[in-house]
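# A look at the structure
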Amino acid sequence: MATIYDKRGRKISQGENSYWKTHPLQVKTAKEVGREDAIYLHAEIAALVKLKDWSRAHSILVERYDVHGNPKMAKPCKICHRALIKAGIHVIEHT
């Protein structure tokens, strides 16, 4: 799960991984980093797609949980990191 916040800490968008959906932003950014196979929507990019005005975005929190709801290590992949920087999000937090 990825949650984008504005400068005041208010949640303004949220996204989850999808194993059946894609988006042109996902495909384009995956190609830019040499991962043409990674076309399915990642949580970070899903959150960006839902957010109409990227200039409002200040930070993002990336979280991952196992099947029991326990927090797991989470970090944006190369694709998502590139998309977040292009969107102007430089505060990237993860569990």
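Throughout this document, residue positions are counted from 1 along each chain, in the order its sequence is written. With pLDDT at 70 or above as the cut-off, local features in this predicted model cover only qualifying residues; side-chain atom pairs require 80 or more to be listed or tallied, and sums for whole chains, interfaces and linings still use all residues. Side-chain numbers come from the whole structure's heavy atoms, not from hydrogens or water.

## Considerations on the sheet that holds strand S1 (residues 2-5)
Going by this rule: Strand pairing is defined by DSSP finding a minimum of two bridges between the two strands. Think of it this way: any DSSP run of H or I at least four residues long counts as a helix, any run of E at least two long counts as a strand, and we number them from the N terminus. Angles run from 0 to 180 degrees between N-to-C directions of axes, and those axes are lines fitted to C-alpha atoms, restricted for helices to the stretch in contact. Contacts: residue pairs with any heavy atoms within 4.5 Å of one another.
If you trace the four strands from one edge of the open sheet to the other, you get S2-S1-S3-S6, paired in mixed fashion. Bordering the open sheet on either side are strand S2 (11-15) and strand S6 (91-94), each of which pairs with just one other strand. Shown here is a sheet whose adjacent strand axes are inclined to one another by a mean of 20°, direction ignored. Pairing geometry for S1 and S2, over four bridges, is antiparallel. Across the sheet, Ala2 pairs through a bridge with Gly15, a residue of S2. Sheet strands in contact with helix H2 (residues 43-50) are S1, S2 and strand S3 (59-62), and its direction is about 130° off that of S2.

## Concerning the state of the cysteines
A covalent bond between the sulfur atoms of two cysteines is referred to as a disulfide. Inclusion rule: Here, two cysteine sulfur atoms that lie within 2.5 Å of each other are counted as a disulfide. With a 1.4 Å probe rolled over the protein chains alone, any residue whose accessible area is under 20% of its type maximum counts as buried; one over 50% counts as exposed, and the rest are partly exposed.
If you walk through the whole model with that rule in mind, you get zero disulfides. Looking at the unpaired Cys77, the closest cysteine sulfur is the one in Cys80, lying at 3.7 Å. Here Cys77 falls in the partly exposed class, since its relative accessible area comes to 26%.

## Here we look at the pattern of salt bridges
Where charged atoms of side chains with opposite charge meet at close range, the side chains can pair. The cut-off we apply is this: By definition, a salt bridge exists where a carboxyl oxygen of Asp or Glu is found within 4 Å of a side-chain nitrogen of Lys or Arg.
Scanning the model with the defined rule gives five salt bridges in all. Among the ionic pairs, Asp6 bridges to Arg10, the shortest N-O distance being 2.7 Å. Put simply, Glu32 and Lys86 hold a salt bridge, and the shortest N to O gap is 2.9 Å. Remark: Lys86 occurs in helix H3 (residues 78-86) and Glu32 occurs in helix H1 (residues 24-32); sequence separation between them is 54 residues. Exposure remark for Glu32: the relative accessible area of 29% places this residue in the partly exposed category. Connected via shared salt-bridge partners are Lys28, Glu32, Arg82 and Lys86.

## Quick word on the packing of H1 against H3
The line we're drawing: Throughout, the term roughly parallel applies to angles under 35 degrees, roughly antiparallel to angles over 145, roughly perpendicular to angles from 65 to 115, and oblique to all others. Should the near helix be turned anticlockwise from the far one by less than a right angle, the crossing is left-handed, and should it be turned clockwise, the crossing is right-handed. Classes in brief: Ala, Val, Leu, Ile, Met, Phe, Trp, Tyr, Cys and Pro nonpolar; Asp, Glu, Lys and Arg charged; the others, Gly included, polar.
The contact between H1 and H3 brings their axes to 9 Å, and the two run at 110°. Taken together, the axes of H1 and H3 are roughly perpendicular relative to one another. Where H1 crosses over H3, the two elements pack in a sense that is right-handed. Of the residues in H3, those in contact with Gln26, Lys28, Thr29, Ala30 and Glu32 of H1 are Ile79, Arg82, Ala83 and Lys86. The residue inventory of the contact of H1 with H3, partitioned by class, reads three nonpolar, two polar and four charged.

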